Structure formats: C-alpha cells, structure tokens
Amino acid sequence: MALTIEKIRSLLGDEADNLLNHECKTIPKEKLHLPGPDFVDRIFVPSDRSSNVLRNLSWMFNTGRLAGTGYLSILPVDQGIEHSAGASFAPNPDYFDPENIVRLAIEGGCNAVASTLGVLGAVSRKYAHKIPFIVKINHNELLTYPNKYDQILFANVEQAWNMGAAAVGATVYFGSAESNRQIQEISEAFKYAHELGMATILWAYLRNTAFKHEGKDYHLAADTTGQANHLGVTMEADIIKQKQPELNGGFTALKFGKTHPDMYSKLTSDHPIDLTRYQVLNCYMGRIGLINSGGASVGAGDLAQAVRTAVINKRAGGMGLISGRKAFQRPMKEGIELLNAIQDVFLNKEVTIA
C-alpha cells in the first residue's frame, strides 16, 4: 500500500510542517530544470549525447515503479569492497549471493541496480536485459594496511559494455591528494562509456581529513559538496550522486577556496531543502540530475530517515535516491518495503517542489 501524505507526515514527526510547507526564497523552482516524463527529450536530446546513450538513459527512466516520472530509485551495492563484505552483509548474509542483490532491485521496483563488475557479471546473462545495470568501475579497498583512502580502477568500460550494462558508475574523492589522478581517469572512462553508448553516474564525494574541523564535518557542507557536483557535471556525468548536506560554510571555516557572500545569503539558507537546492543549482540548474545517498542503516529509524531524505531531495528539485544499506541490511521483504516507501514520496503529488 502506497504511503499517504498522512503517513509521510507521521514519519517526518515534528519536522513535517517545516519540510512539507517550506517555501524556497533563494533560487525559485521556475529557474530549475525539473524532473519530468520528458526529461530525456527536454534536456539530453539537445546535448552531445549519442542516440545509444539516450536509449540507455530512457531505459533507466522507464523502469520500475517510478517509470515515466523523471525520478530515479537506484539500489547500490558496492559495499562489499567499500566497507568489507563481512561488515556489509553480516546483518543479512543472503546478499553474499549476487543474484539476491539483483532480485532486490527488481522486486523493489528500482530503476536500476549499481554494483561491482564481479557481482553483476556473475548474473548478467540472466538479468542484464531485465533491469538496467550500472557497473561501478572503481572502488576504495580497505585491506591495505595501514588503510589508505583512494579510489582505484577495478574494471574497465569495455567489460561493462560487454555484459550489456546501461551505464557505468565511478567515484571521485574531490579534495583528496589523489583527486587529480581520479578526475583524469574517470573523465577518460566517461568519454569512452559515452562513445560506446552507456550513461555515466558519478559519486561526487569529498575526502580529506582536514574537512573535519572543530567538531563539524564539512564533507557534508552545501558549499563544498556543491562545488564537487559542479566538477562532476563538468566531467559529463549524466547523473550526480551526492550526500545530502547537513550544514554550510566549509570554505569559510577551512579558509580555502573562492567564495562570495551571496553564496551563503542569496543562493541558499540554513534550511535543509535550500541547502540541497544549492547542490541542484551546481548541477547546471538541474540539467544533470541530483540523486542523494540513503546513508547507513541505523535500524528502527531507517524508514523515517529514508522518507525524510526523499522529501528533501524532491522538494529541492532533485531526481531521487540511491539507497543501499538501509534496504539490503534487513530481510528482503522489509528491504522491498523500504525501497517502495522512498518511491512513494516521489510518486505522491502532494509532496511538491518548494
């Protein structure tokens, strides 16, 4: 049963009025390129994307429960490398089996499934024609001791193309010592993916220990993540994945980068919807869709947190959510229900653009 606006209000709790009735007075919605059934025709057809890229983007936008809306719900399961398989799948060992990952995405009504070359390759002949595959080509492995944080290539674009993938995904750790190499590697990979007809999705993350300063984590600041988004769309990502901002003022607190007072007064405010709209603004005013990550699983509060994230993303002008651990670190039936709840926010016409 779909979430009603009353149920959404109940899950938002004391924040319901603040989130559902907020009016954005920074960047008006009329200036944004908003998701809709015609998004590929309206935004990507005039661009330099080839017909094959357009076809794969259309396939993603027309799959699952959100088909035909312009919104995306993607299941990402690359945590077996990024966070260790044991740590990721201990809550539900069924997901050591790649087939269950793909089944969760299909039965959960997702637009696409994003995972590693090995996971998707293991079941590609059975499922690559049934749901769009997004092959994540680079990862941060944590077995090197002492740990180091660097996204390195585990796969190449041709391998993704050969298994029938609709898109490739990659992470760049903007702000890290290795970011220049990663930018060059992934820019080249995205170019080749587009030549072969696949879409491109960038995890535009920040990574630098200096970004944690005086008790605050500026990896989650609107100004720094917004700039990471802007770098990502410049690399011709078709979709940007970003963590939802929780604060602002990373550049000013850390005393680096270029800023302007209007960035903090006229382009955004301290409201979570306005902070996320600043991320959308940096995605070429929404020409490149912003999907926010679902974050870690905390247990009983996952449903409410996922709905909150979805409401903020939608009302800000974003394109959807990419939620993994909250869905696969529980029994499949419950994971499907959580994914469906996220999708219900984007299907609910009473949750409007602020």
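Preceding this paragraph is the structure being described.
What comes next concerns the included structure. (Residues numbered from 1 in each chain as written. Predicted model: local features only at pLDDT ≥ 70, side-chain atom pairs only at ≥ 80, totals over all residues. Heavy atoms only, no water.)

**Side note on the pairing of strand S10 (residues 239-242)**
Part 1 of the argument: The side-chain alternation of S10 yields two buried faces, one formed by Ile-239 and Lys-241 and the other by Ile-240 and Gln-242.
Part 2 of the argument: Looking at chain direction, strand S7 (residues 199-206) and S10 are connected through three bridges and run parallel. Following the sheet pairing, Leu-202 is matched in S10 by Ile-240.
Part 3 of the argument: Where S10 meets strand S11 (residues 289-293), four bridges bridge the pair, whose relative direction is parallel. Across the sheet, residue Lys-241 finds its bridge partner in S11, namely Ile-291. (Buried < 20%, exposed > 50% of the residue type's maximum accessible area, 1.4 Å probe, protein only. Helix = DSSP H or I, 4+ residues; strand = E, 2+ residues; numbered from the N terminus. Pairing = 2+ DSSP bridges.)

**Quick look at unusual backbone geometry**
Part 1 of the argument: For the peptide bond that leads from Tyr-145 to Pro-146, omega is -5°, which places it in the cis range.
Part 2 of the argument: Secondary-structure assignment places Pro-146 in the loop between strand S4 (138-139) and strand S5 (152-153).
Part 3 of the argument: Of note, Ser-84 is a non-glycine position whose phi angle comes to about 85°, a positive value.

**Quick look at the nonpolar core**
Part 1 of the argument: By size, the foremost hydrophobic cluster in this structure holds 88 residues, and its most contacted members are Ile-74, Leu-75, Leu-104, Phe-133, Leu-202 and Ile-240.
Part 2 of the argument: Per-element tally for this core: the top contributor is S7, with seven residues.
Part 3 of the argument: What Leu-202 contacts, discounting residues up to four positions off in sequence, is Ala-170, Thr-171, Val-172, Phe-174, Ile-186, Phe-190, Gly-232, Met-235, Ala-237, Ile-239, Ile-240 and Lys-241.
Part 4 of the argument: Ile-8, Leu-20, Val-311 and Phe-346 belong to the second-largest nonpolar core, a separate cluster that totals 27 residues. (Core = buried A, V, L, I, M, F, W, Y, C linked by side-chain atoms within 4.5 Å. Contact = heavy atoms within 4.5 Å.)

**Things to note about the pairing of S11**
A regular strand places its side chains so that they alternate between the two faces of the sheet.
Part 1 of the argument: For S11, the tally of buried residues reaches five of five residues, placing the bulk of the element in the interior.
Part 2 of the argument: Of the two faces of S11, the one lined by Gly-289, Ile-291 and Ser-293 and the one lined by Leu-290 and Asn-292 are each fully buried.
Part 3 of the argument: Bridging between S11 and strand S12 (residues 320-322) involves three bridges; their strand directions are parallel. By the bridge assignment, Ile-291 is partnered in S12 with Gly-320.
Part 4 of the argument: One crossover worth recording links S11 to the parallel S12 by way of helix H15 (residues 302-316), and it is right-handed. (Right-handed = clockwise from strand over helix to strand, strands pointing away.)

**Section: helix H17 (residues 332-347)**
Part 1 of the argument: With 16 residues, H17 extends 22 Å between its outermost C-alpha atoms, agreeing within 8% with the 22 Å of an ideal straight helix rising 1.5 Å per residue.
Part 2 of the argument: Counting buried positions along H17 yields twelve of 16 residues, so the element is predominantly enclosed.
Part 3 of the argument: In this structure, the buried residues of H17 make contact with helix H1 (5-12), strand S1 (72-77), helix H6 (98-107), H15, S12 and helix H16 (325-328). (Expected span 1.5 Å × (residues − 1).)

**Quick notes on the sheet that holds S7**
Part 1 of the argument: Reading around the barrel, the eight strands line up as S1-S2-S3-S6-S7-S10-S11-S12 and close back on themselves, with parallel pairing between neighbours. The sheet shows a mean angle of 25° between the axes of neighbouring strands, direction not considered.
Part 2 of the argument: With four bridges joining them, strand S2 (residues 112-116) and strand S3 (residues 133-136) adopt parallel strand pairing. Bridge pairing links Ala-114 to Ile-134 in S3.
Part 3 of the argument: The sheet strands contacting helix H14 (residues 272-282) are S10 and S11, and the helix crosses S11 at an angle near 135°. (Axes fitted to C-alpha atoms, helices over the stretch in contact; angles between N-to-C directions.)

**Overview of the pattern of salt bridges**
Part 1 of the argument: Considering all chains together, one arrives at 18 salt bridges under this definition.
Part 2 of the argument: For Arg-181, the salt bridge goes to Glu-185, with nearest N and O atoms at 2.9 Å. On the criterion of helical spacing, the pair formed by Arg-181 and Glu-185 is a turn pair, its members being four residues apart in helix H10 (residues 179-196).
Part 3 of the argument: Residue classification places Arg-181 among the partly exposed positions, given a relative accessible area of 31%.
Part 4 of the argument: Residue Glu-334 pairs with Arg-330 through a salt bridge whose shortest N-O separation is 3.8 Å. (Salt bridge = Lys/Arg side-chain N within 4 Å of Asp/Glu carboxyl O.)

**Some words on the environment of Thr-4**
Part 1 of the argument: Structurally, Thr-4 can be placed in the segment before H1.
Part 2 of the argument: For Thr-4, a relative accessible area of 34% corresponds to the partly exposed category.
Part 3 of the argument: With 341 residues separating them in the primary sequence, Thr-4 and Val-345 have C-alpha atoms 8.8 Å apart.

**Some details on the packing of H15 against H17**
A pair of packed helices is captured by two measures, namely the crossing angle of their axes and the spacing between those axes.
Part 1 of the argument: The contact between H15 and H17 brings their axes to 9 Å, and the two run at 25°. Judged on the interaxial angle alone, H17 and H15 are roughly parallel. At the point where H15 passes H17, the crossing takes the right-handed sense. Contact with H15, carried on its side by Asp-302, Leu-303, Ala-306, Val-307, Ala-310, Val-311, Asn-313 and Lys-314, involves Leu-338, Ala-341, Ile-342, Val-345, Phe-346 and Leu-347 of H17 and no other residues of that element.
Part 2 of the argument: Tallied by class, the residues present in the contact of H15 with H17 amount to eleven nonpolar, one polar and two charged. (Parallel < 35°, antiparallel > 145°, perpendicular 65-115°, else oblique. Left-handed = near helix turned anticlockwise from the far one by under 90°. Nonpolar A, V, L, I, M, F, W, Y, C, P; charged D, E, K, R; others polar.)

**Quick look at the state of the cysteines**
Part 1 of the argument: Per the stated rule, a full pass over the model turns up zero disulfides.
Part 2 of the argument: Here Cys-283 stays unpaired: no disulfide links it, and the sulfur of Cys-24, its closest cysteine neighbor, is 15 Å away.
Part 3 of the argument: Accessibility expressed as a relative area gives 0% for Cys-283, which makes it buried. (Disulfide = S-S within 2.5 Å.)

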